[in-house]
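Examining the three-dimensional arrangement
The primary structure of each chain is shown beneath.
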Amino acid sequence: MKSCVLLMIGILLPIVGFSQSILNQQNSEVYIEFPEPRPLGEINKSINKQLGYSNLISWKLNSELTDELNQIHRRYTMYFDGIEVFSSRLIVHSTKNGVFRINGRVVSEADLELTEAIMEEQEGLDLALKKFPSDQYYWQVEEQNRQLKTITGDSMATFYPKGELKFIGPNFRIDTTQLLTWHFNIYSEQPLFGKSIYINAVTGELVAEQDLILHTGVTGTAQTAYSGKREIQTVS
């Protein structure tokens, strides 16, 4: 990983001529400051060249925000051969004069592991459900699906997990090989949990998981109306 980052620095400096360009070797942070604003169209076409990526890498605009200074901040996600790279994000900062800064976190293209021999989505889901069993999942409860339809305005909405292929490092690490996974969001009523789950699309092993429903219990002291101070515990 270290040699790759150093190589990328060597590519960045002569091509672009930044006033400042930093790639952190520990966590692949990118910081690029332009001495003069660059046209947005030019930036979109040349990001790969600046970062030393091949044409298998593409960038998808996720969102944009205009702040009180009328600066526009556009967030991009990396895709490798059409598959999302979960840990690679760039923010492109611009004004009406053009782009003045790019920053974010990226993985090395050499750390992206692409293979043709992958399991089907249903097989990945079956493994995810086996690892996180439930007496009753959300999609098995009509009221949960009805509320989701109301909230989203989508008459076809359901909590039944829909798989997406994504590259991700074990336990979300960015400084290692990024594995091809099936990603599912799974919600359960009994027991209550919500999980974002990443299953290795080749081996079926659990690569990473993240809680979508957080549980907290806090013990404290409260002054009651009739019993003085009492210890209480809040649960959510």
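Shown above is the structure to which this text applies.
Owing to the predicted nature of the structure, the values given are computational and were not obtained by experimental measurement.

With that settled, consider the overall build of the chain. Across its full length, the chain carries 4 helices and 13 strands. Here the chain holds 236 residues, and 40% of them are scored as buried. The contacts of the chain with a sequence gap of at least 6 include a subset with a gap of at least 24, amounting to 45%.

Under the counting rule described, the total for this entry stands at 9 salt bridges. Ionic pairing is found between Asp 175 and Arg 173, a salt bridge with its closest N-O pair at 3.1 Å. Asp 175 sits in the partly exposed class, given a relative accessible area of 36%. Across the pair Asp 211 and Lys 195 runs a salt bridge, and its minimum N-O distance is 2.7 Å. Of this pair, Asp 211 sits in strand 11 (residues 206-211) while Lys 195 sits in strand 10 (residues 193-200); the two residues are 16 residues apart in sequence, bridging distant segments of the chain.

Every buried residue belonging to helix 4 (residues 142-152) is among Gln 144, Asn 145 and Leu 148, and all of these are buried. End-on, the buried residues of helix 4 take up no more than an arc of 95 degrees, which puts them together on one face. Exposed side chains of helix 4 directed beyond 90 degrees from the buried face belong to Glu 142 and Thr 150. On its buried side, helix 4 packs onto strand 9 (179-190). At the exit of helix 4 stands Gly 153, carrying a positive phi of roughly 70 degrees.

Checked against the element boundaries, Glu 120 lands in the loop between strand 6 (98-105) and helix 3 (121-131). According to the relative accessible area criterion, Glu 120 is exposed, its value standing at 61%.

Another point: the nonpolar core. Counting residues in each nonpolar core, the largest one holds 42 residues, and the members touching the most others are Leu 51, Trp 59, Met 78, Leu 90, Val 106, Leu 112 and Ile 186. Counting residues in hydrophobic clusters, the runner-up holds 5 residues, among them Ile 168, Leu 179, Val 207 and Ala 208.

It is worth spelling out the packing of aromatic side chains at this point. Evaluated as defined, the whole model comprises 12 aromatic pairs. Taking the centre distance of 5.7 Å and the plane angle of 65 degrees together, the rings of Phe 86 and Tyr 198 count as edge-to-face. Separated by 112 residues along the polypeptide, Phe 86 in strand 5 (residues 83-95) and Tyr 198 in strand 10 bring together distant segments of the chain. Summarising the aromatic geometry, the rings of Tyr 138 and Tyr 187 are spaced 5.5 Å apart at their centres and angled 25 degrees between planes, so their arrangement reads as stacked. With Tyr 138 in the loop between strand 7 (136-137) and helix 4 and Tyr 187 in strand 9, this pair connects stretches of sequence that are 49 residues apart. Judged by relative accessible area, which is 12%, Tyr 138 ranks as buried. Relative accessible area serves as the criterion here: at 21%, Tyr 187 is assigned to the partly exposed category. The ring of Phe 86 carries the charged tip of Arg 89 above its face, separated from the ring centre by 5.5 Å.

Cut-offs and rules
Residues numbered from 1 in each chain as written. Predicted model: local features only at pLDDT ≥ 70, side-chain atom pairs only at ≥ 80, totals over all residues. Heavy atoms only, no water. Helix = DSSP H or I, 4+ residues; strand = E, 2+ residues; numbered from the N terminus. Buried < 20%, exposed > 50% of the residue type's maximum accessible area, 1.4 Å probe, protein only. Contact = heavy atoms within 4.5 Å. Salt bridge = Lys/Arg side-chain N within 4 Å of Asp/Glu carboxyl O. Arc of directions from axis to C-beta. Core = buried A, V, L, I, M, F, W, Y, C linked by side-chain atoms within 4.5 Å. Phe/Tyr/Trp six-rings, centres within 6.5 Å; stacked < 30°, edge-to-face > 60°. Lys NZ or Arg CZ within 6 Å of the ring centre and 35° of its normal.

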